[in-house]
Amino acid sequence: MVKDETVKTYTTRTQKSKKLWEEAKEVVPGGIGSAVRYFEPYPFFISKAKGSRVWDVDGNEYLDLIMGYGINIAGHAHPAIVGAVKKQIEKGSVYTMPHEKTALYVKELLKRFPTMSMFQLANSGAEATMHAIRVARAYTGKDKIVKIEGCYHGQHDYLLISVDPPRAKAGPKWAPTRYIQSEGMPKDTVKNTLVAPFNDVAAMESLFKKHEGEIAALIMEPIMLNCGVVLPKKGYLRGIRKLTEEYNILLIFDEVKTGVRVAPGGASELYKIEPDIITLAKAIGGGLPLAAFGGKREIMESLRPIGRTSHGGTYCANPLSISAGLACLTQVMTNKAHRYMTELGNELSKGVRDVIEDVGVTACVNSIGPLGYVFFTDVEPVDYRTADATDLEKTWEFWFNMVNRGVLPWGPCHFEQWYVSVVHTKDEITKTIETSEEALRKVKAN
Ligand SMILES: Cc1ncc(COP(=O)(O)O)c(C=O)c1O
């Protein structure tokens, strides 16, 4: 339980939000537009955002490290992106007919992901991963896919399995059960989705052996970013790449969070691994809904109208989102900007690590460049189960104490991470470290 005094400070600061939330929940389930936005006692409502800051309806200002779960890599309302969007909207927002910006934009993606030969566009990460597994199945002629316990790939049924299974239902660590995450999913959804643990090549090999000849693809987050930050052990991704080749299974890297983030070419560039398919979303749209999935030519040419694999969508490749994405990739996310964001992120992780030691609280920081997360565990987590061992009471006490002091450390969920963007400053990183010291002292006093 978060301390009463912490909750009281929160509710005192957010009375207008409370009123709006009470009105909203009469007409919107839970009063929020996406389930992860809800937390107890009620979420605060945002009125505007600019650069690295957001303001709530009560007038509280926050230093934002949620950054739209990484979408706002260029900060909120970056002038280059606002300018590009304004210019495009004057000329129309959705044509549902071809326009020249589609290929221009894909060329920008291909510069960053040169091992891919083509990308097709979509509107959200979920759509990108849905299309990726469909194209993998079509190309290989096989039905089964493998996912990793603790990885999240969006809201569609085939992959909404074993995202955060309760311990009692998760089965053995080396051979997790297939846990259906939501009511409303048919029981046989799991028939074609197999589940393996992260950072365990041997467990993956025994799964591949057991289902030899049946598996189309393995889809994974190369860095697990839906249970805090969990990094691949040295050699793990290389081992997985070798194994997928041996067993003739396509490797899909879901780089929705890591792409154009941990390096310009994402985790594939950082770890020098060449997957067969990459999925992208979030940062690539400069703040507007935009997603992509790419692969080798022969795989991508399974798609209609060349092949017989379905892809489409009224909003796909709309010029408004593409204009924002183009401005973000070409004007904001330069190599220099990537280096800046990474250095600042490293500074933040180091600062919080030092504070943990000074305060003497049992916690650790898992981080990679601009991304980081505080686990209240005594060892650094290496997979879903060790991440899930984090102390939730301490996590929420820390979170509310940061929020009450005007810093949003990560999204209101115990399995997110901070996002340092190109608009954060050194002073803001110092402020975040100082605030985390105050918050951690409160956690310790709990
Ligand atoms: C790795 C990963 N893949 C896919 C998705 C789904 O993206 P979206 O919310 O845009 O559908 C997410 C969302 O957080 C994600 O983190």
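Residues numbered from 1 in each chain as written. Predicted model: local features only at pLDDT ≥ 70, side-chain atom pairs only at ≥ 80, totals over all residues. Heavy atoms only, no water.

### Considerations on the overall build of the chain
Here is step 1: Along the chain, the regular secondary structure elements total 14 helices and 14 strands.
Here is step 2: Relative to the compact-globule value of 22 Å for 446 residues, the chain shows a C-alpha radius of gyration of 22 Å, a close match.
Here is step 3: With the C-alpha coordinates aligned to their principal axes, the bounding extent of the chain is approximately 60 × 55 × 45 Å.
Here is step 4: Counting only contacts in the chain whose residues sit at least 6 apart along the sequence, the fraction spanning at least 24 positions is 70%.
Here is step 5: A total accessible area of about 19100 Å² is found for the chain, and carbon and sulfur atoms account for 53% of it.
Here is step 6: Of note, the chain has its 56 positive side-chain charges centred 4 Å away from the centre of its 52 negative side-chain charges. (Helix = DSSP H or I, 4+ residues; strand = E, 2+ residues; numbered from the N terminus. Rg over C-alpha atoms; globule rule 2.2 N^0.38 Å. Contact = heavy atoms within 4.5 Å. Areas by Shrake-Rupley, 256 points an atom, 1.4 Å probe, with all protein chains shown as cover. Lys, Arg positive; Asp, Glu negative; His and termini not counted. Charge placed at Lys NZ, Arg CZ, Asp CG, Glu CD.)

### Points about the domain arrangement of the chain
Here is step 1: If you check the domain split of the chain, you get domain 1 (4-73 + 335-445) and domain 2 (79-332).
Here is step 2: Each of domain 1 and domain 2 was reduced to a C-alpha centroid, and the two centroids are 26 Å apart.
Here is step 3: Taken together, the contact pairs 31 residues of domain 1 with 38 residues of domain 2.
Here is step 4: Taking both sides of the interface into account, the surface hidden between domain 1 and domain 2 amounts to around 2700 Å²; carbon and sulfur atoms contribute 59%.
Here is step 5: Where domain 1 touches domain 2, the interface holds 3 salt bridges.
Here is step 6: Linking domain 1 to domain 2 there are 14 residue pairs in polar contact (both at pLDDT 80 or more).
Here is step 7: Contributions of two or more residues to the side of domain 1 that touches domain 2 are made by α11 (335-359), β11 (364-368), β12 (371-375) and α12 (384-387). (Domains from an automatic or database assignment. Buried area = accessible area lost by both parts, 1.4 Å probe. Salt bridge = Lys/Arg side-chain N within 4 Å of Asp/Glu carboxyl O. Polar contact = N/O pair within 3.5 Å; in protein donor to acceptor, adjacent residues only side chain to side chain.)

### Focus: the nonpolar core
As a rule of thumb, soluble globular proteins bury nonpolar side chains together.
Here is step 1: Residues M204, L218, M220 and V374 are the most contacted members of the largest nonpolar core, which totals 114 residues.
Here is step 2: Each of domain 1 (4-73 + 335-445) and domain 2 (79-332) accounts for three or more of the residues forming this core.
Here is step 3: Not counting chain neighbours up to four residues away, the residues in contact with M220 comprise I148, H153, F198, Y236, L237, I240, L251, I252, F253 and D254.
Here is step 4: Within the second largest apolar cluster, 16 residues are counted, among which are A132, I133, V135 and I145. (Core = buried A, V, L, I, M, F, W, Y, C linked by side-chain atoms within 4.5 Å. Buried < 20%, exposed > 50% of the residue type's maximum accessible area, 1.4 Å probe, protein only.)

### Some details on the sheet that holds strand β6 (residues 193-196)
Here is step 1: Strand order in the open sheet formed by 7 strands is β4-β10-β9-β8-β7-β5-β6, and the pairing between neighbours is mixed. What marks the edges here is a single partner per strand, and that holds for β4 (118-122) and β6. Strand-to-strand, the axes of this sheet are offset by a mean angle of 20 degrees, without reference to chain direction.
Here is step 2: Examined bridge by bridge, strand β5 (residues 144-148) and strand β7 (residues 215-220) share 4 bridges and lie parallel to one another. (Pairing = 2+ DSSP bridges. Axes fitted to C-alpha atoms, helices over the stretch in contact; angles between N-to-C directions.)

### Observations regarding the pattern of salt bridges
Oppositely charged side chains can form a pair if their charged atoms are brought close together.
Here is step 1: Within the structure shown, the criterion is met by 19 salt bridges.
Here is step 2: In this structure, E347 and K426 form a salt bridge, with 2.9 Å as the shortest nitrogen-oxygen distance. Residue E347 is located in helix α11, and its partner K426 is located in helix α14 (residues 426-445); the two are separated by 79 residues in the primary sequence.
Here is step 3: Taking relative accessible area as the criterion, E347 reaches 31% and is therefore assigned partly exposed.
Here is step 4: Several salt bridges share partner residues, and in doing so they unite R53, E61 and E428 into one network.

### Overview of the side chain of D56
Here is step 1: Within the secondary structure layout, D56 lies in strand β2 (residues 53-56).
Here is step 2: In terms of polar contacts, D56 uses its side chain to reach the side chain of Y62, at 2.8 Å.

### Remarks on the site of the ligand
Here is step 1: What surrounds the ligand is the set S124, G125, A126, Y152, H153, G154, E221, N226, D254, V256, K257 and K282.
Here is step 2: Separating an oxygen atom of the ligand from a backbone N or O atom of A126 is a distance of 2.8 Å.
Here is step 3: K282 is positioned with one of its side-chain polar atoms (N or O) 3.0 Å from an oxygen atom of the ligand.
Here is step 4: Alone, the ligand offers 380 Å² of accessible surface; in the complex the protein occludes 82% of this.
Here is step 5: Class assignment for the residues of the shell around the ligand results in 3 nonpolar, 5 polar and 4 charged. (Near = heavy atom within 4 Å. Nonpolar A, V, L, I, M, F, W, Y, C, P; charged D, E, K, R; others polar.)

### Notes on the packing of α11 against α14
Axes are the key here: two packed helices are described by the angle between their axes and the distance separating the axes.
Here is step 1: Contact geometry of α11 with α14 gives a least axis separation of 9 Å together with a crossing angle of 25 degrees. Classified by the angle between their axes, α11 and α14 sit roughly parallel to one another. Here α11 and α14 pass one another in a crossing that is right-handed. Residues Y340, L344, E347, L348, G351, V352, V355, I356 and V359 of α11 lie in contact with α14, whose contacting residues are K426, I429, T432, I433, S436, E437, L440, R441 and K444.
Here is step 2: Split into classes, the residues belonging to the contact of α11 with α14 amount to 10 nonpolar, 3 polar and 5 charged. (Parallel < 35°, antiparallel > 145°, perpendicular 65-115°, else oblique. Left-handed = near helix turned anticlockwise from the far one by under 90°.)

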